[in-house]
Amino acid sequence: MTAITTAAVALDPSARALAIPSVHDWDRLPGMMMAVTPEARLVALNEPLALRCGWRRGSADWLDTLDADLHSGVRSALANAADGHGSLDLELHLERPDGANLWLACDGRWNADSQTWLCVLHDITARKSTEVALLEQTTQLRVLADNVPALIAYYDAQDFRCSFANRRYAQALGWTTENIVGRTAAEIVGERGWAQIRPYIEAVVETRRQVSYEREMLDADGKPQWLEVDVLPNLGEHGELYGAFVRVTDITKHRLAERAVRESEERLAKFMDASVEGILFHRNGTVIDVNGPILELTGYSRDEAIGRRSTDFVAPDQFDVALQVLKTGAETAFESVVMSKAGERIAVELITRSIERGGEKLRLVIVRDIRERLAAQARIHHLAHHDALTGLPNRTAFIQQLEQLTLTHRAGDAPIALLFIDLDHFKRVNDSLGHLAGDQLLKTVTARITAGLRGGDLVARFGGDEFMVLLTGAADREVIQQVADKLLIAIEQPVELAGRLISVSPSIGVAVFPEHGHTPAELIQHADAAMYLAKSRGRATVQFFDPAVASEAYDALVVESQLAHALEAGAFELHYQPQIRASDGALVGVEALIRWHHPVRGLLLPDEFIPVAEQRRLMLPIGQWVLCEAMRCARRWQAEGLHLPIAVNLSNMQFQQRGFVEALAELLEHEQVEGTALELELTERMLMDDLAEVKAALGRIKAMGIRIAIDDFGTGYSSLGHLKDLPIDRVKIDRSFVQDLPHRPDACAIARAIVELGHSLGMSVVAEGVETRAQQSFLRELGCDEFQGLLLSEPLPEAGLRAWALRHAKRG
């Protein structure tokens, strides 16, 4: 035993079996030392190592402080002692208790006596940190080189072998950044390529200077490619050549651009010769080149045109505009007038551009003859603002002039009178004598109205058998009445049509500005109302607008003379309002809502005409049209993959009509749609009649697959006993309750009761008229199943609903 071993045994008897120094002697040894068994148990270590690493004697926990990927390697190395390996050479990476990283080099010798590895450890953290930093720097340089827009490589001077290449360089030549290293330039570019570039390489070797050259070749797709190659020598301190950097830049875009410029100039020359439009080039306002068409247009010869100022061709009244464009160099297009050699004014469009031609900046002017276009525009404008049959201004032109007069009217000016003339029973003429006779009658009436007016008055055909007369400077109502009476007498004179004398009378309504309205829309509406008042008072009369009387008469006559014909004229349209499921926001159905395209008042909502239609028993044909159109729409949607039940409001008149259920079945069969495509909305009042009969009818409707809903629930007087016996699918909370949520306690209580009642009867609950987030949140908390209202979407036309559904599905 050695002296150290003997001392260890004396101090620590347990060390005899291991034949290793004692702990006290180890602590006096320089450096870091440890003894470890092949099983990785740390049997001894000195204080410097323990302090540095935080390890403990007799434990294998020291391995846990190492990187996880080192564990198996260290164990394997320690276990190899049994195979006769006498030394260890390891690098250990660990994290100290204070969080610092530590690298140790472990040099070990196998001690057969103690059956342990005796190891000396050296701190190599500084060296490893330097290696990591160099590796990161090298990686960064590689990333930088691989991403610059150029091909880069480095070749050694001795045998011109590649020692570095970025990814672009390697890939461009069919290599990788790994397998290109060590290859000679001839191997990399091929013998043919080497033969082409070898003279440039030899020039670099000989002159020790940068050499640049350009190569034209075909790329992988067979397209021409131009490369600019720079070879830069890497010289030592005394001018010795170590190697050369190669930088290859793709300049194909530049060469193609140069070629495009040349080809563009050639095309321009050909274009000038072939163009039918005049083309002129000038330098600072002096004409230097022209083509044939501009000479034909102006009558000048080429010699007469070249050398003149470009503004000499412009008409005097257009000179300032042309000069401004010339001074500013603006690239623009504007209409102007040029003068021919003979002094004729020629309307043209001038298009100015700045171009380079032969390396010189010039101005290009395209001179386009627009005389035919202006004449066509004038004709189109006339047709757009005049009635084709009578030649009178049409509705659009009349409203524009009326609007201008109302805007320029000042206090103290004479009133403006608007006369709305409608021919009584004109439809009978068309139906009995034909449209040609009707057209002739309209022409005759036009002539009579025009002849009966003063020079400053205006007459227009407003549409069909309707005319508008605008009287300006009318001193008072008496003057207006005189003019209107004169027109009455003139128009009702007999007219010979198709060999027969026909007489038609006009009804005339009068509205006065500013007394009866301040806008054209108000004046027209009130003159229209006055006209209907005249019809209600026996026709062939003149009536001034009376707000109190006209409203009632207007509503009655709208139903009588317009609503009855709206179906024939295709004036109705269905809009559809989405119904959204509360739980997931899915689109689950729509409600069909009728709209009327009124010829004067525009788009009318149901509240403005349905009550009148119901009073006049016009609801049956209108309701039947709504059902038919809704099912036609459902069929179209199903063909497009959009399967949505459409809810239709049912009037009491329809529901009570004999044969309604049979007609409904025929409709579904005719339109080839299933009953599930339809939902009928009935009011509570419709369910209060004979319960047995109502129940039977609803049962037959349900048998077709049609859903049944109670509309405006809570506003009627339905009996709960009735409801529980009827096959109702859904109830709808009326918007009058929803609009007061969640602020009014009574509305909240009613809404809660309806939801609970509906659910208790097995019905789903829909809230209509939802317009705010607060309403939606409150109803969702109540358990309301579906929402409908402006918060989600306004009622949309068929096409608009399809587009909305697609957008909603994508968001969903």
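The following paragraphs examine the structure supplied in this document. (Residues numbered from 1 in each chain as written. Predicted model: local features only at pLDDT ≥ 70, side-chain atom pairs only at ≥ 80, totals over all residues. Heavy atoms only, no water.)

### Comments concerning the overall build of the chain
- Secondary structure assignment for the chain yields 28 helices and 31 strands.
- Computed over its C-alpha atoms, the radius of gyration of the chain comes to 49 Å, more than 25% above the 28 Å expected for a compact globule of 812 residues.
- Across its three principal directions, the C-alpha atoms of the chain cover 150 × 105 × 55 Å.
- Taken across its 812 residues, the chain has 45% of its residues classed as buried. (Helix = DSSP H or I, 4+ residues; strand = E, 2+ residues; numbered from the N terminus. Rg over C-alpha atoms; globule rule 2.2 N^0.38 Å. Buried < 20%, exposed > 50% of the residue type's maximum accessible area, 1.4 Å probe, protein only.)

### Some details on the environment of Val-445
- When you line up the elements, Val-445 lands in helix H15 (residues 435–451).
- A residue is classified by how much of its surface remains accessible, and Val-445, at 1% relative accessible area, is buried.
- Each C-alpha atom, one on Val-445 and one on Leu-487, is 9.7 Å from the other, the two residues being 42 residues apart in sequence.
- Apart from the residues lying within four places of it in its own chain, the contact partners of Val-445 are Leu-423, Phe-467 and Ile-491. (Contact = heavy atoms within 4.5 Å.)

### Quick look at the packing of aromatic side chains
- Scanning the model with the defined rule gives 15 aromatic pairs in all.
- Ring centres 5.2 Å apart and planes at 65 degrees place the aromatic pair Trp-110 and Trp-117 in the edge-to-face group.
- For Trp-110, a relative accessible area of 22% corresponds to the partly exposed category.
- In this arrangement the basic side chain of Arg-477 is found over the ring face of Phe-544, its NZ or CZ atom lying 4.3 Å from the centre. (Phe/Tyr/Trp six-rings, centres within 6.5 Å; stacked < 30°, edge-to-face > 60°. Lys NZ or Arg CZ within 6 Å of the ring centre and 35° of its normal.)

### Some remarks on the nonpolar core
- Residues Ile-646, Phe-655, Leu-680, Leu-698, Ile-701 and Leu-779 are the most contacted members of the largest nonpolar core, which totals 84 residues.
- The greatest single-element share of this core, amounting to 12 residues, is contributed by helix H20 (residues 619–639).
- With residues up to four places along the chain from it excluded, the contact list for Ile-701 reads Phe-655, Phe-660, Val-661, Leu-664, Leu-680, Ile-706 and Ile-708.
- Grouped together as the second largest cluster of nonpolar side chains are 33 residues, Leu-441, Leu-453, Ile-480 and Val-504 included. (Core = buried A, V, L, I, M, F, W, Y, C linked by side-chain atoms within 4.5 Å.)

### What about the pairing of strand S12 (residues 286–290)?
- Alignment of strand S11 (residues 278–283) against S12, held across four bridges, turns out to be antiparallel. Bridge pairing in S12 links His-282 to Val-287.
- Hairpin connection between S11 and S12: a loop of two residues separates the two successive antiparallel strands, and Asn-284 in this loop has a positive phi of roughly 55 degrees. (Pairing = 2+ DSSP bridges.)

### A word on the state of the cysteines
- In the structure shown here, the tally under the stated rule is zero disulfides.
- Of all cysteine sulfurs in the structure, the one in Cys-633 sits closest to Cys-628, which takes part in no disulfide; the separation is 13 Å. (Disulfide = S-S within 2.5 Å.)

### A short note on the environment of Glu-206
- Here Glu-206 lies in helix H7 (residues 185–207).
- For Glu-206, a relative accessible area of 69% corresponds to the exposed category.
- Taking C-alpha positions, Glu-206 is 99 Å from Asp-607, a pair spaced 401 residues apart along the chain.

### Considerations on empty space enclosed by the protein
- In total, this model carries three cavities of 30 Å³ or more according to the counting rule given.
- Considered as a void within the structure, the largest cavity measures approximately 290 Å³ in volume.
- Secondary-structure elements contributing two or more residues to the lining of the largest cavity are S11, helix H9 (292–298), helix H11 (319–328), strand S13 (333–339), strand S14 (345–357) and strand S15 (360–369).
- Classifying every residue of the lining of the largest cavity gives 15 nonpolar, five polar and one charged. (1 Å grid on protein atoms, 1.4 Å probe; cavity = no way out; pocket = protein on both sides within 12 Å on 5 of 7 lines; lining within 4 Å. Points joined across faces, edges and corners; volume = space filled by probe spheres on them. Nonpolar A, V, L, I, M, F, W, Y, C, P; charged D, E, K, R; others polar.)

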